[in-house]
Every structure is written in structure tokens, then in C-alpha cells.
Amino acid sequence: MSETGSITTEQLRLWDKRHVWHPFTQMQEWEQDDQIIIVKGEGCWLIDTDGNRYLDGVASMWTNVHGHCRRELNEALKEQVDRLEHSTLLGLASEQSIILAARLAEITPVGLDRFFYSDNGSTAMEVAVKMAYQYQVHAGRPERSRFVTFRHAYHGDTLGAVSVGGIDIYHTTFKPLMFETLLAPAPYCYRCELGCSRDSCNMKCIDALEELMMRNAGLIAGLVIEPLVQGAGGMIVQPAGFLKRVRDLCDRYDILMIADEVATGFGRTGKMFACQHENVVPDIMAISKGIAAGYLPLAATVTTDKVYSAFLGTYSELKTFFHGHTFTGNPLACAVALKSLQLFQQDNLLAELQHKIAGLKQRLDGFKSMPHVGNIRQCGMAAGIELVENKETGAPYPWEDRVGIKVCLEARKHGVFSRPLGNTIVIFPPLVISTSELDTLLRVLYESIQTVTE
Ligand SMILES: *Cc1c(COP(=O)(O)O)cnc(C)c1O
């Protein structure tokens with residue numbers, strides 16, 4: 001029995017290989033294999049054309065919060081689609097986008113009250129970077145055009161977002177198209193680029209950051225950071241207090257702090273937003289992935305009255321922010337996002353999450369003694385298990401060996417879908433995941449690591 005009605009799995013596979021160019025995918029390899037085609041979702045599970053079930057270990061690219069096809073979200077979407085599917089924010093306001101901004105303002109860090117909508121994480125970051133620079137122009141400091149970024153940072157795939165990124169394998173090709181940035185060392189303690197060890201370093205990387213700011217004083221518009229954890233860089237978790245010190249330096253050198261909460265926002269770290277762990281209020285914050293619970297593309301760049309008011313003036317002063325996307329503030333996405341916020345309350349999700357986070361930590365501890373597990377990093381309900389060829393020296397597996405991919409392919413045979421970051425195995429399930437599902441996820445990953453590396 002096929003789940004797809006009249007079109008066979010075989011036909012879908014043929015068309016997929018013939019017509020669909022998959023992201024971040026070597027298509028030559030893709031075309032050689034039989035790919036899984038997902039047709040249904042239920043809670044934390046994805047179901048393919050043959051009825052096979054896969055635990056969604058990466059929350060459908062880090063977006064899913066309350067599970068797939070959650071009844072309340074489906075209903076909110078159906079209700080909205082019968083009222084209004086889309087109307088532009090260019091020249092008109094629309095109901096759902098207004099209510100959502102007002103609700104979000106209640107939960108974002110205090111002072112972040114101005115919402116500029118777009119539709120994905122990359123656009124939210126493009127907006128952030130352009131907004132920061134134009135702010136400096138209006139503040140009479142057009143020479144402040146540079147951005148401080150961190151090694152291993154990821155902020156999206158459009159050119160501005162790539163420019164402020166720091167992952168060589170994604171970014172090198174496009175170097176000639178990018179603007180230059182001031183690259184600060186990442187707080188990647190397992191592989192510290194300053195050669196320090198965490199027990200004795202006193203965060204030398206912060207000193208390096210300050211030196212960078214000092215040397216370029218007066219030329220920097222903003223600093224871009226993924227608060228608490230660099231996601232795509234390999235789930236690189238920052239030492240406690242790092243974010244706060246970055247905020248202090250931004251204040252000292254009068255630099256706008258841009259927090260990219262695209263991955264960390266909406267409960268992932270155990271609080272609504274990662275910045276709230278260190279009582280940090282950024283000047284600009286980008287949110288996307290979890291905002292509409294993994295249902296629809298939606299994003300916002302949030303800022304303070306101070307930044308917002310710098311753009312106010314008569315039309316002829318040309319202080320307008322000339323930026324916008326066609327599907328900005330889409331009512332369907334906003335309606336789902338609003339219902340998602342209600343579910344956070346109704347399910348007491350953040351409180352419930354605390355014991356799951358502790359449970360995840362406990363289960364991860366069981367991986368420590370594995371002979372090829374070099375480093376385990378966890379931030380709330382996000383974790384990375386870095387596999388190494390030599391545990392003693394930390395020597396990595398050659399990237400061409402694709403050990404991470406092999407582990408995930410093995411896990412797939414046992415009903416778990418995950419996607420690695422290089423040699424780091426990623427755990428990033430829907431927040432609604434149950435204790436027994438978490439057990440399954442970690443047991444299968446453990447056994448798959450064992451099978452591939454031992
Ligand atoms: C995924 C991600 C982005 C890019 O979001 P898209 O919706 O894929 O464009 C930006 N920043 C961070 C931290 C991300 O994890």
C-alpha cells in the first residue's frame with residue numbers, strides 16, 4: 001500500500017532525481033541512491049511512502065517545536081486560510097502580523113519592541129546587517145561600516161549573511177563576492193585556536209576580541225553573534241559568561257550587538273531566548289526557525305526604540321529603511337506562530353523542558369567513554385557529539401571519510417533521522433519529544449556510532 005495515492009514511490013524518485021536540486025547536497029551522489037520520500041508527519045515522527053517511520057532527530061532542520069501535524073496548529077492554520085491567506089505589509093497593515101508583534105514584544109528581551117518581518121533566517125540577518133549600518137549612517141558615523149564576526153559562525157546563505165559567516169567550507173568559493181569582516185576567534189574550547197585550556201584561560205578569546213575592537217575603533221558598525229551556541233559550526237557551546245562579556249565590550253566600544261537567535265530562539269536552550277540566560281539585551285535580534293513551530297517560513301529582525309527612531313524623519317530626508325520582502329508578515333505563518341506561543345503556555349513547555357534537558361545530559365554522559373567520542377557539547381535541547389579518529393590527541397577523522405554521514409545513515413536503518421555537521425553528530429529534536437522517544441534517539445545514535453567507529 002502506497003501513501004501517495006496513484007503516483008508510485010518509484011515515479012516520485014525518478015522525478016526527484018530529474019527535477020529537484022537539493023540544498024547542501026552533492027547531486028551526483030544523491031542520484032545514485034534510493035532516497036527516502038516523506039509523505040506524513042505525526043508528533044516527532046516522519047513517515048515515508050512505504051509507511052516506514054523515522055524519529056525526527058533534527059526537528060526538520062531545527063524548526064519543529066510542538067511536533068508534526070499538531071492538531072491545534074493545524075486548526076489555527078485552517079481557520080486563518082478561510083479569512084485571509086496573504087496581504088502585503090507594503091502600504092497596508094494586517095491583523096495577524098500586528099497581534100504577533102505585540103505578543104512577541106512581551107517575551108523578547110526587555111527593550112526589543114520593534115519587529116521587521118521577513119521570511120527566513122538569512123533574510124532576518126541581511127536585514128540586521130543593513131539596519132545596523134544604516135543606523136550608523138543616520139547617527140552621523142558612515143565610516144562605521146565594518147562587522148565583527150566569529151570563526152565557525154553561520155548566519156545563512158545569502159551574500160550578506162555569508163559575509164558575516166565563518167565556516168570556510170561553505171564560504172570560500174564566494175569570497176570574491178563578499179564584504180570583508182573582522183574575524184574574532186571562536187570560543188571553541190575543545191579546539192582552542194589560541195592554544196588555551198578552559199580551566200586556566202580566563203577567556204583569552206575575549207581579550208583577542210577586545211584587541212580587534214580597539215585596533216578598529218570607530219570603524220565598526222556591529223558585532224554579529226550566535227548567543228550561547230554556534231549551531232551550524234558544530235554545536236559549539238560558549239563558556240558561561242562569554243556572551244555577557246561580549247555585550248560589555250560592545251557597550252565599551254559603542255558597537256551594535258546583533259544576536260542571531262535563528263536557531264536558539266523559541267525554547268531551544270531552555271529559556272525562550274538564549275540571551276536571557278545571561279540577561280543580555282542585544283541591540284538587534286534575528287529570529288526565525290522555531291517562530292512558526294516549523295510550519296511555515298517566517299522571520300523577524302527585532303530592535304530597540306533607539307535604533308528604530310534613528311530612521312524617523314520626513315520622506316525627503318531619505319531615512320527610510322529601503323528593504324522588504326514580498327511575503328513579509330504572511331498571515332498564515334503569523335497565525336500559526338501565535339498559536340505556537342499559546343501552546344508554550346498551555347503545555348507549560350519551558351518548565352517541562354527542564355527535566356528533558358537534564359535527561360539529555362544524563363544520557364549524553366553515557367557516550368563519554370566511547371573510544372571515538374572526542375567532545376560532547378550540550379546547550380538545552382541542542383547537542384553535538386564530536387567524533388575523532390584519535391581520542392588521546394583529538395586528531396579529527398579526515399573530512400573525506402564522512403564519518404558523521406555514515407553514522408546517520410546507520411541510524412536511519414534503525415528508524416532515526418539525523419543530519420551531522422561534519423564529524424559532529426547533532427541532537428536537536430522537536431521540543432515536545434517524550435522521554436521514551438529521547439531514549440530511542442540516543443540509543444540508536446549510540447549503537448550507530450559503535451557500529452561505524454568500532
Ligand atoms: C539556519 C540559520 C540561519 C539561516 O536561516 P535560513 O532560514 O536557513 O535562511 C541563520 N542563522 C542561524 C544561527 C541559523 O541556524
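Residues numbered from 1 in each chain as written. Predicted model: local features only at pLDDT ≥ 70, side-chain atom pairs only at ≥ 80, totals over all residues. Heavy atoms only, no water.

1. What about the pairing of strand S7 (residues 220–225)?
Extensive coverage of S7 is indicated by the burial of 6 of its 6 residues. When strand S5 (residues 146–150) meets S7, the two strands line up parallel, connected through 3 bridges. Considered in S7, the bridge of valine 148 is made with leucine 223. Bridge count between S7 and strand S10 (residues 256–260): 4 bridges; the pairing is parallel. What sits directly across from valine 224, in S10, is isoleucine 258. (Buried < 20%, exposed > 50% of the residue type's maximum accessible area, 1.4 Å probe, protein only. Helix = DSSP H or I, 4+ residues; strand = E, 2+ residues; numbered from the N terminus. Pairing = 2+ DSSP bridges.)

2. So, the pattern of salt bridges
Note that side chains of opposite charge can pair when their charged atoms are close. Under the counting rule described, the total for this entry stands at 23 salt bridges. Here arginine 141 ties to aspartate 254 by a salt bridge, and the two come within 2.7 Å at their closest N and O atoms. One end of the pair, arginine 141, is in the loop between helix H6 (121–138) and S5; the other, aspartate 254, is in the loop between helix H10 (242–252) and S10, and 113 residues separate them in sequence. In this structure, arginine 247 engages aspartate 283 in a salt bridge whose closest nitrogen and oxygen atoms are separated by 3.1 Å. Here the residue arginine 247 occupies a position in helix H10, and aspartate 283 occupies one in the loop between S10 and strand S11 (284–287), the gap between them amounting to 36 residues. (Salt bridge = Lys/Arg side-chain N within 4 Å of Asp/Glu carboxyl O.)

3. Topic: the domain arrangement of the protein
In terms of domains, the protein is made up of domain 1 (36–66 + 348–453) and domain 2 (75–346). The C-alpha-based centres of domain 1 and domain 2 are spaced at 26 Å. Listed per partner, the contact involves 34 residues of domain 1 and 28 residues of domain 2. Note on domain 1 versus domain 2: buried area summed over both sides is about 2,400 Å², and carbon and sulfur give 62% of it. Taken as a group, Trp62, His66 and Cys379 account for 24% of the area that domain 1 buries against domain 2, more than any other trio of residues on that side. (Domains from an automatic or database assignment. Contact = heavy atoms within 4.5 Å. Buried area = accessible area lost by both parts, 1.4 Å probe.)

4. Some remarks on the site of the ligand
Near the ligand, the surroundings consist of Trp62, Asn120, Gly121, Ser122, Tyr154, His155, Gly156, Glu226, Asp260, Val262, Ala263 and Lys289. Interatomic distance of 2.8 Å between a backbone N/O atom of glycine 121 and an oxygen atom of the ligand. One nitrogen or oxygen atom from the side chain of aspartate 260 is found 2.6 Å from a nitrogen atom belonging to the ligand. Computed on the free molecule, the ligand has an accessible area of 380 Å², of which 84% lies beneath the protein chains in the complex. A per-class count over the shell around the ligand returns 4 nonpolar, 5 polar and 3 charged. (Near = heavy atom within 4 Å. Polar contact = N/O pair within 3.5 Å; in protein donor to acceptor, adjacent residues only side chain to side chain. Areas by Shrake-Rupley, 256 points an atom, 1.4 Å probe, with all protein chains shown as cover. Nonpolar A, V, L, I, M, F, W, Y, C, P; charged D, E, K, R; others polar.)

5. Description of helix H1 (residues 9–19)
Every buried residue of H1 is accounted for by Thr9, Arg13 and Asp16. Buried residues of H1 fall within an arc of 65 degrees about the axis and therefore sit on the same side. Facing away from the buried surface of H1 by more than 90 degrees, the exposed residues are Glu10, Leu14, Arg18 and His19. Buried residues along H1 sit in contact with helix H2 (27–32). (Arc of directions from axis to C-beta.)

6. Observations regarding the environment of histidine 277
Tracing the backbone through its elements, the reader meets histidine 277 in the loop between S10 and S11. Take histidine 277: its relative accessible area is 34%, and that puts it in the partly exposed class. Setting aside its immediate chain neighbours within four residues, histidine 277 contacts Leu228, Thr269, Gly270 and Lys271.

7. A short note on helix H9 (residues 204–215)
Owing to its 3.6 residues per turn, the α-helix aligns residues three or four sequence positions apart on the same side. With 12 residues, H9 ought to run about 16 Å at 1.5 Å a step, and its terminal C-alpha atoms sit 17 Å apart, in line with that. What H9 keeps buried is the set Cys205, Ile206, Leu209, Leu212 and Met213. Down the axis, H9 shows its buried residues gathered within 115 degrees of arc, on one side only. (Expected span 1.5 Å × (residues − 1).)

8. Things to note about the sheet that holds strand S2 (residues 45–48)
The strand order across the open sheet formed by 4 strands is S1-S2-S3-S16, and the pairing between neighbours is mixed. Both edges of this open sheet fall to strand S1 (38–42) and strand S16 (416–417), since each of them pairs with a single strand only.

9. A word on unusual backbone geometry
The backbone of serine 60 shows a phi angle near 50 degrees, a positive value even though the residue is not glycine. Phi at asparagine 202 is positive, roughly 55 degrees, even though this residue is not glycine. With respect to the element layout, asparagine 202 can be found in the loop between strand S6 (182–184) and H9.

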